[in-house]
Amino acid sequence: MAKRTRERGFPADPEPLPVPVVDNHTHLDHIAAVLPDEAPDGEPAGQAWPPSVADHLARAVAAGVDRVVQVGCDLPSARWTVDLLTRPSVLSAGLSPSWYTEKGEHPALSGVVGAVAIHPNEATLHAGIDEVGPDGLAPERQEHHAVGLDDAIAEIAGLAKGNDRVRAIGETGMDLFRTGPRGEQAQRDAFRAHIALAKELGLALQIHDRDAHAQVIEVLLADGAPERTVFHCYSGDAEMARVCAEHGWYLSFAGPVTFKANDHLRAALTVAPRELLLLETDAPYLTPHPFRGRPNAPFAAAHTMRAMAVHLGTDLAALCADVAANSERVYGTW
């Protein structure tokens, strides 16, 4: 039997959603790194390669994903995120003047707000900890990790305070797949500092929780969660979803809710209150079925949205409207 050739490009463009929704967690600065320099077959005709940030946002709008939360969760990415929100040139390099309005504004930029933080796996590196976790991978320090953890979090605080389009602190939390006991303590300390910062600034909190459900919930209950707390790429089961619902924490579902093996995620989706549901891509990662293994981008949130509606047996337009309203309760208006 001939070996099947793996497709390399982005997923197919979905039919536009009936009501526009929000991708509440995406990494626009990472998307360009996941494909080779040459455009794979099947990409839109005439599109310059690689797609610019504006290309991705325009494609998302066409699919009914008209707003995104850009997440910068290491120092370089957090700086890039704030640049994106304040300098249209970051978004539109190489675009023709036709992209701009008469006021000189870039239309795609209005659909972006930001979140900034030190990711838990970054926190261990800023703390100088090089433990190998259950994943078996040795940590790789980079130049920006020379900044101490306290100073790194202080820079995040400065970036968040300095731009009213930064609407969340995140992603922060704990990731016990990537570190050992010393790293766990550093992650816990960083998480608590981010919780305090979100509450100080009145911002939402986006949580990264990998193999750390009990520990994350313990910290949230001990310190007091911010009023708007989001479990990014929710990975718990139905029992944990009930705990989140009890405390008013939001559950953000990404591509994994569409994977065949993830019955626990669909069970969580079933029991989660509609007013606590959010949608995300975590692009360029976690592409929904049947495109798993290909690069993700905000437009593909429409595929996940449809799969969620099918699973819940609910009207797609009504679910889109609920998710859009939930997103604005968490992040404000765009």
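Above: the structure in question.
Residues numbered from 1 in each chain as written. Predicted model: local features only at pLDDT ≥ 70, side-chain atom pairs only at ≥ 80, totals over all residues. Heavy atoms only, no water.

## Looking at helix H2 (residues 53-63)
- Considered for burial, the residues of H2 that qualify are Val53, Ala54, His56, Leu57, Arg59, Ala60 and Ala63.
- Once H2 finishes, Gly64 follows within two positions and takes phi at roughly 90°, a positive value. (Buried < 20%, exposed > 50% of the residue type's maximum accessible area, 1.4 Å probe, protein only. Helix = DSSP H or I, 4+ residues; strand = E, 2+ residues; numbered from the N terminus.)

## Let's talk about the side chain of Thr287
- Tracing the backbone shows Thr287 in the loop between strand E8 (277-279) and helix H11 (301-312).
- Within the structure, Thr287 has its side chain in polar contact with the backbone nitrogen of Asn296 (distance 3.3 Å).
- Those residues in contact with Thr287 that lie beyond four places of it in its chain are Pro11, Gly255, Phe259, Arg292, Arg294, Pro295 and Asn296. (Polar contact = N/O pair within 3.5 Å; in protein donor to acceptor, adjacent residues only side chain to side chain. Contact = heavy atoms within 4.5 Å.)

## Some words on unusual backbone geometry
- With an omega dihedral of 5°, the bond running from Gly170 to Glu171 counts as a cis peptide bond.
- Among the structural elements, Glu171 can be located in strand E4 (residues 166-175).
- For the bond running from Ala283 to Pro284, omega is 10°, close enough to zero to count as cis.
- Its place among the elements puts Pro284 in the loop between E8 and H11.
- Backbone geometry places Cys233, a non-glycine residue, at a positive phi of 45°.
- Structurally, Cys233 is set in the loop between strand E6 (229-231) and helix H9 (238-247).
- By relative accessible area, Cys233 is classed as buried at 16%.
- Of note, Leu286 is a non-glycine position whose phi angle comes to about 60°, a positive value.
- Structurally, Leu286 is set in the loop between E8 and H11.
- On the basis of relative accessible area, Leu286 is assigned to the partly exposed category, the value being 29%.

These figures come from the coordinates and say nothing about function on their own.
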